[in-house]
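Spelled out, the chains give:
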Amino acid sequence: MTQQIYVLNGPNLNLLGTREPEIYGSKTLDDIDQQLRQAAPSAEITFRQTNSEGELIDWVQEASKAAQILIINAGAYTHTSVALHDALRACEADIYEVHISNPAAREPFRTTNYVAPCAKACIAGFGARGYLMALTAALQE
Ligand code: CA2
């Protein structure tokens, strides 16, 4: 059976590679998408970004039905969204949380995390490489 993998990205991550390279690096979301597809050619990868909380929740619900693995960088919704937390709790896919930066080492408001309690594992602070690390680790589970 072909592995179905969803990679969901939250608000402002469409700006990756265009601003704040000292925090988020120079890779774009398209670069990351390509890198993951090259690393797992036999998997079916659905890679998306949205700035909308409701759309992100809709996609988590979709992933629950369609995928075995969900890799999610929820951006700032990580720190604010109880609704996202509830959707992730109900999600049947294995959830891997990714952050490009290490939120725990930044502003205090980034230490609240509504995603982590729902995740099997979290990778943070390794830059864009964290996505590939999460994918590789998830495929070895
Ligand atoms: O480090 C991460 O991956 C974050 O999820 C990124 C979020 C931030 O709110 C989280 O605390 C940690 C912000 C994404 C904004 O991305 C930008 C990229 C380039 C330029 C501006 C924003």
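See the structure above.
One numbering rule holds for all chains: residues counted from 1, following each sequence as written. Local features are withheld for residues below a pLDDT of 70 in this predicted model, meaning they are given only at 70 or higher, and side-chain atom pairs are given and counted only at 80 or more; totals for whole chains, interfaces and linings count all residues. Each side-chain value is derived from all of the structure's non-hydrogen atoms; neither hydrogens nor water enter the calculation.

### Thoughts on the state of the cysteines
Phase 1 of the analysis: Cysteine sulfur atoms that pair up within 2.5 Å are treated as a disulfide. Tallying each qualifying case throughout the model produces 0 disulfides.
Phase 2 of the analysis: Here Cys118 stays free of any disulfide, with the sulfur of Cys91 as its closest cysteine sulfur at 9.2 Å.
Phase 3 of the analysis: Note on classification: 1.4 Å probe, protein chains only; a residue is buried when its accessible area is under 20% of the maximum for its type, exposed when over 50%, partly exposed between these limits. The class of Cys118 is buried, set by a relative accessible area of 15%.
Phase 4 of the analysis: We note that Cys122 lacks a disulfide partner, and the nearest cysteine sulfur, in Cys118, lies 12 Å from it.
Phase 5 of the analysis: Among the residues examined, Cys122 registers a relative accessible area of 43% and is labelled partly exposed.

### Here's the deal with the packing of aromatic side chains
Phase 1 of the analysis: Any pair of Phe, Tyr and Trp rings, taking the six-membered ring for Trp, is counted once the centres come within 6.5 Å. Such a pair is stacked with planes under 30 degrees apart, edge-to-face with planes over 60 apart, and tilted for the rest. Scanning the entire structure with this criterion turns up 0 aromatic pairs.
Phase 2 of the analysis: In our convention, an over-ring charge means Lys NZ or Arg CZ found within 6 Å of a ring centre and within 35 degrees of that ring's normal. Lying across the ring of Trp59, Arg48 places its NZ or CZ 5.1 Å from the centre.

### Description of the sheet that holds strand β1 (residues 4-9)
Phase 1 of the analysis: Read from one edge to the other, the open sheet built from 5 strands follows the order β2-β1-β3-β4-β5, with strand pairing classed as parallel. Looking at which strands have only one partner, the edges of the open sheet turn out to be β2 (44-49) and β5 (121-124). Strand-to-strand twist in this sheet, taken as the mean axis angle between neighbours without regard to direction, amounts to 15°.
Phase 2 of the analysis: As judged from the 6 bridges shared by β1 and β2, these two strands associate in the parallel manner. Strands are labelled as partners when DSSP assigns at least two bridges between them. Each helix corresponds to a stretch of at least 4 residues labelled H or I by DSSP, and each strand to a stretch of at least 2 residues labelled E; elements are numbered beginning at the N terminus. With axes taken as lines fitted to C-alpha atoms, and helix axes fitted only over the stretch in contact, angles between N-to-C directions fall between 0 and 180 degrees.

### Details of the layout of surface pockets
Phase 1 of the analysis: Each cavity reported here is a set of points on a 1 Å grid over the protein atoms alone in which a 1.4 Å probe fits but cannot get out, each pocket an open set with protein on both sides within 12 Å along at least five of seven lines, and each lining residue one with an atom within 4 Å of a point. Grid points are joined across faces, edges and corners, and a volume is the space filled by probe spheres set on the points. Estimated volume of the largest pocket: approximately 380 Å³.
Phase 2 of the analysis: Together, 18 residues line the largest pocket, and Pro11, Asn12, Leu13, Tyr24 and Arg110 are the ones closest to its centre.

### Focus on the pairing of strand β4 (residues 94-99)
Phase 1 of the analysis: Of all 6 residues making up β4, 5 are buried, and the element is well covered by its neighbours.
Phase 2 of the analysis: As judged from the 4 bridges shared by strand β3 (residues 69-73) and β4, these two strands associate in the parallel manner. By the bridge assignment for β4, Ile72 is matched with Glu97.
Phase 3 of the analysis: Regarding topology, helix α4 (residues 82-89) serves as the crossover connection from β3 to the parallel β4, and that connection is right-handed.
Phase 4 of the analysis: Sheet analysis places β4 next to β5, joined by 4 bridges and oriented parallel. Counted as the bridge partner of Val98 is Ile123 from β5. Orient the strands so they point away from the viewer; a crossover is then right-handed if the path from the first strand over the helix to the second runs clockwise.

### Here's the deal with the site of the ligand
Phase 1 of the analysis: One heavy atom within 4 Å of a molecule or strand is enough for the residue carrying it to be called near that molecule or strand. Every one of the 16 residues lining the ligand counts as a neighbour, but Asn73, His79, Ile100, Ser101 and Arg110 are closest to it.
Phase 2 of the analysis: Two N or O atoms count as a polar contact when they lie within 3.5 Å, although within protein this holds only if one can serve as hydrogen donor and the other as acceptor, and sequence-adjacent residues are included solely when both atoms are side-chain atoms. At a separation of 3.4 Å, an oxygen atom of the ligand approaches a polar backbone atom of Asn12.
Phase 3 of the analysis: Between the ligand and Ile100, the relevant distance is 2.7 Å, taken from an oxygen atom to a main-chain nitrogen or oxygen of the residue.
Phase 4 of the analysis: All accessible-area figures derive from a Shrake-Rupley calculation using a 1.4 Å probe, and residue coverage is judged against the displayed protein chains alone. Computed on the free molecule, the ligand has an accessible area of 510 Å², of which 94% lies beneath the protein chains in the complex.

### So, the nonpolar core
Phase 1 of the analysis: Ranked by size, the top nonpolar core spans 22 residues in total, and within it Ile5, Val7, Ile32, Leu36, Ile45, Ile71 and Tyr131 carry the most contacts.
Phase 2 of the analysis: Among the secondary structure elements, those contributing two or more residues to this core are β1, α2 (29-39), β2, β3, β4 and α5 (129-140).
Phase 3 of the analysis: Not counting chain neighbours up to four residues away, the residues in contact with Val7 comprise Leu36, Ile45, Thr46, Phe47, Arg48, Ile71 and Tyr131.
Phase 4 of the analysis: The set of buried Ala, Val, Leu, Ile, Met, Phe, Trp, Tyr and Cys residues whose side-chain atoms join them within 4.5 Å is what this entry labels a nonpolar core. Core analysis: the second largest hydrophobic core is formed by 20 residues, Ala87, Leu88, Ala93 and Val115 among them. In what follows, residue pairs with any heavy atoms lying within 4.5 Å of each other are defined as contacts.

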